[in-house]
Amino acid sequence: IKGYLPFMATFAAFLTRAHDQIRMAAYSFSNIKIVGSHVGVSIGADGPSQMGLEDLALFRSIPGCAVLYPSDAYSAEACVEIIARYKGMAYLRTSRPATPILYDRKEKFKLGGSKVLRKSDQDAIAVIAAGVTVFEALKAYETLKKENIFISVIDAYSIQPLDSETLLAVVTKSNQKAIVVEDHFESGGLGEAAAMALAGKAEIHHLAVKDLPRSGEPDELLDLYGISAGHIVKTVKSHTK
């Protein structure tokens, strides 16, 4: 009646406690926008109790819920506008690390979109990432380029709906091989979304957090749990021989 647009923000890990309220809000066709911060092992020293590692699975399971995961400040600003304009429940996943600026203010983003950041006619495999792992993928690209191994890199910032058309087009030109890397548990996140989109059309390798995490420095944890640039490089080399 008042025309207000409700936004709610907290640590993504705490949203699991509100699952029933979120579920019932969706069943009531709520137009609420939810922001989950401090996601993944990349938050570092705060430890596992504060790490949102199940949040994508929670929100992807809700029909009609938009799920966005930006990688830098400008894409985050754009994604806030996208979910504000979206009619229905929406979830915005935000990272804690101070990531570099990747885009500029004029860059256009849309629901159901993605950004192809690296691409060539020599790509051996496509790397699909979101949030902090976009930067790990870009580091891996630079390392591999020195050895004349080329990969395409996709920022899949719209996780639901996913940009299936672009992913399929890029992966098809990358030997029909893809690596999905995400700072989330193996189940329910970007990896499963990409696997559904590419089912039967690509060879997919999934790098995700597969163990219960511990506290540590962000870079240490990204490497320990297999989602760092180094692990992307190893995976590329082992599947492009």
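Everything quoted here is computed from the prediction, not taken from an experiment.

Enquirer: Now, about the side chain of Asp163: what can you tell me, with residues and values included?
Expert: As for its position among the elements, Asp163 is in the loop between β8 (158-160) and α5 (164-172). Comment: no salt bridge for buried Asp163; closest opposite-charge side chain is Lys110, at 6.2 Å. Apart from the residues within four sequence positions on either side, Asp163 is in contact with Gly112, Gly113, Ser114 and Ser158.

Enquirer: Could you give an account of the pairing of strand β7 (residues 150-155), naming the residues involved and the relevant values?
Expert: Within a regular strand, side chains alternate between the sheet's two faces. Taken across its six residues, β7 has six buried, putting it largely inside the fold. Residues of β7 alternate between two faces, with Phe150, Ser152 and Ile154 on one and Ile151, Val153 and Asp155 on the opposite face, all of them buried. Pairing of strand β5 (residues 115-118) with β7, which is carried by three bridges, proceeds in the antiparallel orientation. Each bridged residue has a counterpart across the sheet, and for Lys115 the counterpart in β7 is Asp155. Summarising the sheet, strand β6 (residues 123-129) and β7 pair through six bridges and their orientation is parallel. Pairing of Asp123 across the sheet is with Phe150, part of β7.

Enquirer: Now, about the sheet that holds β7: what can you tell me, with residues and values included?
Expert: Read from one edge of the open sheet, five strands run β5-β7-β6-β9-β10, paired in mixed fashion. If you trace the sheet from one side to the other, it starts and ends with β5 and β10 (203-209), each paired once. Going from strand to strand, the sheet's axes swing by 25 degrees on average, the running direction of each strand aside. The pairing of β6 with strand β9 (residues 177-185) spans four bridges and is classified as parallel. Within β9, the residue paired with Val127 across the bridge is Ile179.

Enquirer: Requested: an account of the packing of aromatic side chains, with residues and values cited.
Expert: Tallied over the full model, the rule gives four aromatic pairs. Ring centres of Phe11 and Phe14 lie 5.1 Å apart, and the angle between their planes is 5 degrees; on these two criteria the pair is classed as stacked. Put simply, the rings of Tyr103, Phe109 and Tyr157 pair up and form one aromatic cluster. The ring of Phe109 is capped by Lys115, whose NZ or CZ atom sits 4.9 Å from the centre of that ring. Over the ring of Tyr141 we find Arg118, and its NZ or CZ is 5.4 Å from the ring centre.

What counts and what doesn't
- All residue numbers refer to position in the chain's written sequence, counted from 1.
- Local features in this predicted model are restricted to residues of pLDDT 70 or higher, and side-chain atom pairs are both shown and tallied only at a pLDDT of 80 or more, whereas totals for entire chains, interfaces and linings draw on every residue.
- Calculation of side-chain values draws on the structure's entire complement of heavy atoms; hydrogens and water are dropped beforehand.
- Only DSSP runs of H or I reaching four residues or more are called helices, and only runs of E reaching two or more are called strands; each is numbered from the N terminus.
- Any residue under 20% of the maximum accessible area for its type is buried, any over 50% is exposed, and the rest in between are partly exposed; the area is computed with a 1.4 Å probe on protein chains only.
- Positive charges are assigned to Lys and Arg, negative charges to Asp and Glu, while His and the chain termini are left out of the count.
- Within this document, salt bridges are pairs made up of a side-chain nitrogen of Lys or Arg and a carboxyl oxygen of Asp or Glu, the two lying within 4 Å of each other.
- By the convention used here, residues are in contact when the closest approach between their heavy atoms is within 4.5 Å.
- Strand pairing requires that DSSP identify at least two bridges connecting the strands.
- What counts as an axis is a line fitted to C-alpha atoms, over the stretch in contact for a helix, and the angles between N-to-C directions run from 0 to 180 degrees.
- Two aromatic rings, drawn from Phe, Tyr or Trp (for Trp, its six-membered ring), form a pair once their centres lie within 6.5 Å of each other, and the interplanar angle then sorts them: stacked below 30 degrees, edge-to-face above 60, tilted otherwise.
- To sit over a ring, a charge needs its Lys NZ or Arg CZ within 6 Å of the ring centre and within 35 degrees of the ring normal.

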